[in-house]
Amino acid sequence: MIGIIGNKFFGTRIVENLEKKIKVVYLYPSLHDLKFKKKIEKVEIIHFIGSPIASLHGVLTLIRFRMWGKKIIVHWIGGDAWQVSSKKKFKVYTKLCKKKIDLHLVDDERLGIM
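Quantities reported herein were computed from a predicted structural model and do not represent experimental measurements. (Residues numbered from 1 in each chain as written. Predicted model: local features only at pLDDT ≥ 70, side-chain atom pairs only at ≥ 80, totals over all residues. Heavy atoms only, no water.)

1. Quick notes on the overall build of the chain
Working step 1: On a plain count of helices and strands, the chain comes out with five helices and five strands.
Working step 2: In the chain, the succession of helices and strands from N to C terminus is β-α-β-α-β-α-β-α-α-β.
Working step 3: Taking all contacts inside the chain whose residues are at least 6 apart in sequence as the whole, residues at least 24 apart take part in 67%.
Working step 4: Element-wise, carbon and sulfur atoms account for 58% of the exposed surface of the chain, whose accessible area totals about 7500 Å². (Helix = DSSP H or I, 4+ residues; strand = E, 2+ residues; numbered from the N terminus. Contact = heavy atoms within 4.5 Å. Areas by Shrake-Rupley, 256 points an atom, 1.4 Å probe, with all protein chains shown as cover.)

2. Quick word on the nonpolar core
Generally speaking, soluble globular proteins have nonpolar side chains that are buried together.
Working step 1: Ile46, Phe48, Ile53, Leu62, Phe65 and Ile72 are the most contacted members of the largest nonpolar core, which totals 20 residues.
Working step 2: Taken together, the elements giving at least two residues each to this core come down to strand S3 (45-49), helix H3 (56-67), strand S4 (71-75) and helix H5 (88-97).
Working step 3: Not counting chain neighbours up to four residues away, the residues in contact with Phe48 comprise Ile5, Thr61, Leu62, Phe65, Ile72, Ile73, Val74 and His75. (Core = buried A, V, L, I, M, F, W, Y, C linked by side-chain atoms within 4.5 Å. Buried < 20%, exposed > 50% of the residue type's maximum accessible area, 1.4 Å probe, protein only.)

3. What about the pattern of salt bridges?
It is possible for side chains bearing opposite charge to pair when their charged atoms get close.
Working step 1: Scanning all chains against the criterion turns up two salt bridges.
Working step 2: Between Lys38 and Glu41 there is a salt bridge, and its shortest N-O distance comes to 3.9 Å.
Working step 3: A relative accessible area of 59% places Lys38 in the exposed class.
Working step 4: Residue Asp102 is joined to Arg66 by a salt bridge in which the shortest nitrogen-to-oxygen separation is 2.6 Å. Of this pair, Asp102 sits in the loop between H5 and strand S5 (103-105) while Arg66 sits in helix H3; the two residues are 36 residues apart in sequence, bridging distant segments of the chain.
Working step 5: Here Asp102 falls in the partly exposed class, since its relative accessible area comes to 38%. (Salt bridge = Lys/Arg side-chain N within 4 Å of Asp/Glu carboxyl O.)

Structural data, given as structure tokens:
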């Protein structure tokens, strides 16, 4: 099963389009939900719409998923790609976390910052 993480507008629409073909679920990870790990037991792949590296919460979420053995896909979009390539704090996050991501998806070679 694939877990989609993204804002409610894009994330839920992607799930609606994919759920007829594959097992997919929309996720909203909470660092405070102590039962979250159990909720995603059957999820093998986490697909981020937008980068988790663009915020500290996202970095912590990414690390937690990796500790739980989940495969990670990040679909880079313009704003997130620009942010991690132009702001010092996010460049550090990127260097620390980019190898924790199994697949980077970009739709424009200029966004291929990884």
